[in-house]
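Descriptive analysis of the structure
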Amino acid sequence: MPSSSSLSQSNSTSTVASPPPAASDDGAAAERRLREAEDRLREAIEDLQRRQRRAKMLHPPCDHADESCVANAIGNLCQSFLLSYGVRVGIGILLRAFKLARRKSYSQLLDLKQLVSEKDLIVREEACRVGLLFGGFTGSYHALRCLLRKCRKKETPFNAILAGSVAGLSILALDDCNRRRTLALYLLARLAQCAYNSAKSKNKFHLWGSSWRHGDSLLFALSCAQVMYAFVMRPESLPKSYQDFIQKTGPVAQPVYKAVRDCCRGSPVDIASLSSYLSTVKGADFPPLQEFPSVIPCSIIHPGTKSCLAHNAYATSATFRKTFPLYFSLTFVPFVVLRLQKFMDAPIKTSWHAVIGAVRSTAFLSSFVGIFQGVICLHRKAVTQDHKLVYWLAGGLAALSVLLEKKGRRGELGLYVLPRAGESLWYILVNRRVLPDIKNAEVALFCACMGGMMYYLEHEPDTMSPFLRSLIRRFLASRISNPPPPRNPSYNYLQTLDAIKKPKLQNQEPEAQSSEKYNLESIPGL
């Protein structure tokens with residue numbers, strides 16, 4: 001056993017070895033006072049910068065410290081132009097490749113004359129117009145932001161609104177007023193979404209039922225009901241390209257839709273054109289045609305098939321075969337162009353996701369066509385009198401196929417179809433002289449909506465959908481918020497203070513790692 005003298009000696013040694021508590025408290029207090037002094041110095045420097053800027057009337061710094069405002073605007077213009085041009089051309093080339101593959105002309109897929117010839121691939125003018133739209137907006141927006149900073153000497157939300165509104169004149173790059181109106185109404189729907197989300201987050205406004213789980217599907221159903229009603233009863237209220245898309249996707253011929261429209265309106269049916277079409281259908285078996293029928297029977301709607309169930313099944317499968325190349329192109333090409341690095345890292349995974357997304361979207365559209373035709377045939381079996389509201393209800397019920405899509409895609413589809421329904425309603429109201437027909441009204445609407453969208457993008461980005469927010473930021477191709485402070489001596493001193501405040505342990509770890517990395521004795525075999 002150790003003696004008492006040895007225990008007392010060890011206790012005295014440990015007491016001498018441990019630092020006194022008062023010394024550690026004094027060190028912590030000194031460090032705290034040093035940090036407080038640094039904070040006060042930082043605040044003083046920032047206040048001095050503000051006073052100097054106010055005294056010299058300097059404008060807020062731009063977010064491109066390494067290049068001039070003109071170079072930044074031109075660079076963003078070129079980048080956005082090439083990006084949008086590449087997306088449009090890539091979609092056209094991929095659709096052309098699917099067309100050649102459908103003809104079983106596999107050898108022509110390797111022939112550039114057949115694949116990208118101007119005779120068969122007419123996308124150059126359209127791609128240039130799309131590039132000028134996006135590139136012109138991006139370049140002019142950045143130039144106007146810099147100009148407003150220098151002229152107004154301050155950075156306010158008004159700068160973003162005014163710059164976005166004036167840059168919206170790039171919509172004039174599109175020569176088709178129908179396409180301009182469609183884009184303007186699409187942005188109006190997006191702007192309304194941002195405004196509602198902003199008001200809801202601030203507890204200023206809240207719609208009853210907005211928290212429903214399938215509220216996005218309800219919006220899509222109401223929009224599709226209006227669109228399909230307009231397609232059958234008022235096709236002139238829809239853009240020609242949209243009419244052609246619905247007509248080619250569905251299995252019913254145009255003369256039949258015209259006969260249905262005349263029947264619902266009580267007008268005489270054009271028997272000559274309807275008979276001319278039915279004579280070209282192989283195996284058609286239909287009753288005698290009447291000039292004023294009460295309803296167009298199923299034997300005329302699908303004359304080549306006697307069974308309604310078989311006709312709907314064939315329409316669904318045919319729609320899947322026709323639209324899969326389109327959806328795959330719209331899914332694959334933008335993903336590759338806009339996220340090239342991600343595609344290069346995992347090309348197989350990216351392609352697989354594109355195929356899965358295209359299959360789901362194609363299944364949704366195919367089911368839409370089958371349900372729409374099924375509702376029309378079911379109406380013929382139950383009722384002997386036709387009515388125009390049948391096609392409104394058929395469009396709404398067919399829209400339930402959107403449940404096959406992902407939850408995030410349903411809202412996007414609803415906001416995509418909503419402008420089409422609004423465009424149709426706009427045309428009908430103007431035609432009935434309820435609204436005035438103002439020339440280039442879609443340009444003014446587009447400019448106003450872009451001003452609002454840029455405000456929400458910079459100051460309330462959480463109100464925008466993630467897809468739209470990332471898409472706009474990708475095309476703007478530059479940081480548009482939180483600009484860095486000016487690079488002056490006081491700024492460098494602030495950066496030095498931040499570096500000093502880091503723990504010493506973080507500074508020692510890289511040294512240890514670097515010494516271990518370059519220590520030849522630590523490498524096995526040396």
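Residues numbered from 1 in each chain as written. Predicted model: local features only at pLDDT ≥ 70, side-chain atom pairs only at ≥ 80, totals over all residues. Heavy atoms only, no water.

The protein appears in an unreviewed UniProt entry as Transmembrane protein 135 N-terminal domain-containing protein from Centaurea solstitialis.

**Considering the overall build of the protein**
When you go through the protein residue by residue, the secondary structure sums to 21 helices and zero strands. The burial tally for the protein puts 38% of its 526 residues in the buried class. Across the protein, the fraction of contacts at a sequence separation of at least 24, relative to all contacts at a separation of at least 6, is 73%. (Helix = DSSP H or I, 4+ residues; strand = E, 2+ residues; numbered from the N terminus. Buried < 20%, exposed > 50% of the residue type's maximum accessible area, 1.4 Å probe, protein only. Contact = heavy atoms within 4.5 Å.)

**Structural notes on unusual backbone geometry**
Unlike most non-glycine residues, Arg 433 shows phi in positive territory, near 65°. Positive phi, normally seen in glycine, also occurs at Asn 440, with a value near 60°. Structurally, the position occupied by Asn 440 is in the loop between helix 17 (407-431) and helix 18 (441-459).

**Section: the confidence of the model for the protein**
Per-residue confidence for the protein gives a mean pLDDT of 78, with 78% of residues at or over 70. Contacts for the low-pLDDT stretch residues 1-19, under 50 throughout, to residues beyond four places or in other chains number one contact. Throughout residues 478-491 the model reports pLDDT below 50, and contacts reaching past four residues in sequence, or to other chains, amount to 26 contacts. (pLDDT = per-residue confidence, 0-100.)

**Considering the nonpolar core**
Ranked by size, the top nonpolar core spans 53 residues in total, and within it Phe 220, Val 232, Val 256, Phe 332 and Phe 372 carry the most contacts. The leading source of residues in this core is helix 8 (residues 215-233), at 10 residues. Apart from residues no more than four positions distant in its own chain, Phe 220 is found in contact with Phe 364, Ala 399, Val 402, Leu 413, Gly 414 and Val 417. Among the nonpolar cores identified, the runner-up in size contains 26 residues, and Leu 133, Ala 167, Ala 184 and Phe 446 belong to it. (Core = buried A, V, L, I, M, F, W, Y, C linked by side-chain atoms within 4.5 Å.)

**Describing the packing of helix 8 against helix 16 (residues 389-398)**
Their axes nearest at 7 Å, the elements helix 8 and helix 16 cross at an angle of 140°. In terms of axis orientation, helix 8 runs oblique to helix 16. Classified by chirality, the crossing of helix 16 by helix 8 is right-handed. Facing Ala 221, Leu 222, Cys 224, Ala 225, Gln 226, Met 228, Tyr 229 and Val 232 of helix 8, the residues of helix 16 in contact are Tyr 391, Trp 392, Gly 395 and Gly 396. Among the residues forming the contact of helix 8 with helix 16, the class breakdown is nine nonpolar, three polar and no charged. (Axes fitted to C-alpha atoms, helices over the stretch in contact; angles between N-to-C directions. Parallel < 35°, antiparallel > 145°, perpendicular 65-115°, else oblique. Left-handed = near helix turned anticlockwise from the far one by under 90°. Nonpolar A, V, L, I, M, F, W, Y, C, P; charged D, E, K, R; others polar.)

**Side note on the side chain of Ser 237**
With respect to the helices, strands and loops of the structure, Ser 237 is situated in the loop between helix 8 and helix 9 (240-249). With relative accessibility at 3%, the residue Ser 237 sits in the buried group. A polar side-chain atom of Ser 237 sits 2.6 Å from the main-chain carbonyl oxygen of Arg 234. Other than its neighbours up to four places away in sequence, Ser 237 contacts Ala 230, Glu 423, Ser 424, Tyr 427 and Ile 428. (Polar contact = N/O pair within 3.5 Å; in protein donor to acceptor, adjacent residues only side chain to side chain.)

**Observations concerning the packing of helix 5 (residues 124-152) against helix 18**
Viewed as axis vectors pointing N to C, helix 5 and helix 18 meet at an angle of 70°, and their least axial separation amounts to 14 Å. When the axis of helix 5 is compared with that of helix 18, the two are roughly perpendicular. As helix 5 packs across helix 18, the resulting crossing turns out to be right-handed. Here Phe 137, Tyr 141 and Arg 145 of helix 5 come into contact with helix 18, specifically with Met 450, Met 454 and Glu 458. Looking at the contact of helix 5 with helix 18, its residues break down into four nonpolar, no polar and two charged.

**Description of a nonpolar patch on the surface**
Where nonpolar side chains cluster on the molecular surface, the patch consists of Phe 158, Leu 162, Val 166, Leu 169 and Leu 172 and spans about 420 Å² of accessible area. With respect to the secondary-structure elements, Leu 169 resides in the loop between helix 6 (157-167) and helix 7 (177-201). Assessed through its relative accessible area of 44%, Leu 169 is described here as partly exposed. (Patch = residues over 30% accessible without salt bridge, like charges linked within 9 Å, V, L, I, M, F, W, Y side chains within 5 Å. Areas by Shrake-Rupley, 256 points an atom, 1.4 Å probe, with all protein chains shown as cover. Salt bridge = Lys/Arg side-chain N within 4 Å of Asp/Glu carboxyl O.)

**Considerations on the state of the cysteines**
For the coordinates displayed, the defined rule picks out zero disulfides. Note on Cys 447: no disulfide assigned, nearest cysteine sulfur contributed by Cys 449 at a separation of 9.4 Å. We classify Cys 447 as buried; its relative accessible area is 10%. (Disulfide = S-S within 2.5 Å.)

**As for the pattern of salt bridges**
Summed over the entire model, instances satisfying the criterion amount to 17 salt bridges. For Arg 88, the salt bridge identified is with Glu 126, shortest N-O distance 3.1 Å. You can see Arg 88 sitting in helix 3 (residues 69-102) and its partner Glu 126 sitting in helix 5, a full 38 residues away along the chain. Between Asp 216 and Lys 407 there is a salt bridge, and its shortest N-O distance comes to 3.3 Å. With Asp 216 in helix 8 and Lys 407 in helix 17, the pair connects residues that are 191 residues apart, well separated along the chain. The class of Lys 407 is partly exposed, set by a relative accessible area of 40%. Members of the salt-bridge network, linked through shared partners, are Arg 145, Arg 149, Glu 155 and Glu 458.

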